[in-house]
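Observations on the three-dimensional arrangement
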Amino acid sequence: MLTTLLIRLFVKNHSQPIRPDSRLSYGILCGYVGILVNIALFVIKTAIGLLSGSIAIGADAVNNLSDAGSALITLCGFKMSARPADLKHPFGHGRFEYIAGLIVAVIIVAVGIDFLKESVSRIFEPSSINANKLFLWLYGGTLLVKTWLFRFYRVISQKISSTTIEAAAFDSLSDLWIGAAVLLSVIAAGYTKFPVDSCAGSLVAIMVIIGGIKVMRDTIDPLLGESPDQTIVEELEKRISECPGISGVHDIIIHNYGPNQYYVTAHAELNCKDDLQTVHDTLEAAENAIALEMPVRLMLHCDPQPQKK
């Protein structure tokens, strides 16, 4: 309910998330929400960590501070990717969002490695923890906030097909695992001398690192130039072939210059007896029709249709 309210209040044309202005508004909303929520969690967890003497809670607080930095990078990434094309960047700045997602993934891995080092060191040098019920309830409340933030990111990433927001959603999910492990370890520390908190923290850190590497791979692939989604290729073939005057299409090449920003070249088959002006008008009409129906900037090359003997 809160997610829906925020979208309606701060995103214009929220029912059309593919629109460039709507997509930018969704991204900016995610950035600001992530910054505010994670800074608030950092302050709360730092206070709990200092008062309880829990190094794990203190480390988790630092983790939230890095999340606030990631949200700032996400905000800058969306604003940069929305900049119009210029002489130096004739295809726009859409790929900057992938770069922002890659930076977020690197932060996830770095935090995971730091958390792993901290957890392993606590196995050999355990420290006493004095957390009362009030601290435990407060810390448990921060997990509920992270659960909402994960769902918030997840909803918006699905709406606008953003790898950057998807990476932020995974980061929030990883934080939930970390938080749950920290909470259980703090509770268990009062009943045993075995460093259960450190062992649990190490396992969670390894999961975070693996997940961060996966997010990193998913953001690097479109930057390198991965194969296009087959559904997009099939839809393009269908729509181009249905355009008046075009009997077939082949050699479709798709370039991805950002989420929902495709530059496409293709060979369209036309009647070879048509004059040049008719051929030009047919191709231009098809290019304009596709641009209105799909997030595609299309350039068609004419191939004469083979004549039946």
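These notes cover the structure that comes with them. (Residues numbered from 1 in each chain as written. Predicted model: local features only at pLDDT ≥ 70, side-chain atom pairs only at ≥ 80, totals over all residues. Heavy atoms only, no water.)

**Things to note about unusual backbone geometry**
Leaving glycine out, the prevailing phi sign among residues is negative, and the prevailing peptide bond configuration is trans. Heads up, the condition is: Here a helix means four or more residues in a row that DSSP labels H or I, a strand means two or more in a row labelled E, and each is numbered from the N terminus.
Look at Asn13: it is not a glycine, yet its phi comes out positive at around 55°. Among the structural elements, Asn13 can be located in the loop between helix H1 (2-10) and helix H2 (20-52).

**Concerning the pairing of strand S2 (residues 262-270)**
Filter applied, for reference: The rule for pairing is simple: two strands pair if DSSP sees at least two bridges between them.
Sheet analysis places strand S1 (residues 248-256) next to S2, joined by seven bridges and oriented antiparallel. Bridge assignment links Ile253 to a residue of S2, and that residue is Thr265. Alignment of S2 against strand S3 (residues 296-304), held across nine bridges, turns out to be parallel. Residue pairing for S3: Val264 is matched across the bridge by Leu298.

**Comments concerning the nonpolar core**
Heads up, the rule is: Joining through side-chain atoms within 4.5 Å is the link that ties buried Ala, Val, Leu, Ile, Met, Phe, Trp, Tyr and Cys residues into a set, and such a set is a nonpolar core. Note on exposure labels: buried denotes an accessible area under 20% of the residue type's maximum, exposed denotes more than 50%, and partly exposed covers the range between, all computed with a 1.4 Å probe on protein chains only. Working rule for contacts: check all heavy atoms of both residues, and any pair within 4.5 Å makes them a contact.
Ranked by size, the top nonpolar core spans 22 residues in total, and within it Leu29, Val33, Phe152, Tyr153, Ile156 and Ile165 carry the most contacts. Only H1, H2, helix H3 (55-81), helix H5 (133-160) and helix H6 (163-188) provide two or more residues apiece to this core. In terms of residue count, the dominant contributor to this core is H2 (seven residues). With residues up to four places along the chain from it excluded, the contact list for Leu29 reads Leu6, Ile7, Phe10, Val11, Phe152 and Ile156.

**Focus on the pattern of salt bridges**
Note on pairing: side chains with opposite charge can pair once their charged atoms come close. The line we're drawing: Salt bridges, as used here, are contacts in which a Lys or Arg side-chain nitrogen is within 4 Å of a carboxyl oxygen on Asp or Glu.
Considering all chains together, one arrives at six salt bridges under this definition. Ionic pairing is found between Arg239 and Glu293, a salt bridge with its closest N-O pair at 2.7 Å. Placement of Arg239 in helix H8 (residues 230-242) and of Glu293 in helix H9 (residues 276-293) is noted, with a sequence separation of 54 residues between them. Judged by relative accessible area, which is 46%, Glu293 ranks as partly exposed. The network of salt bridges with shared partners includes Asp67, Lys146 and Asp175.

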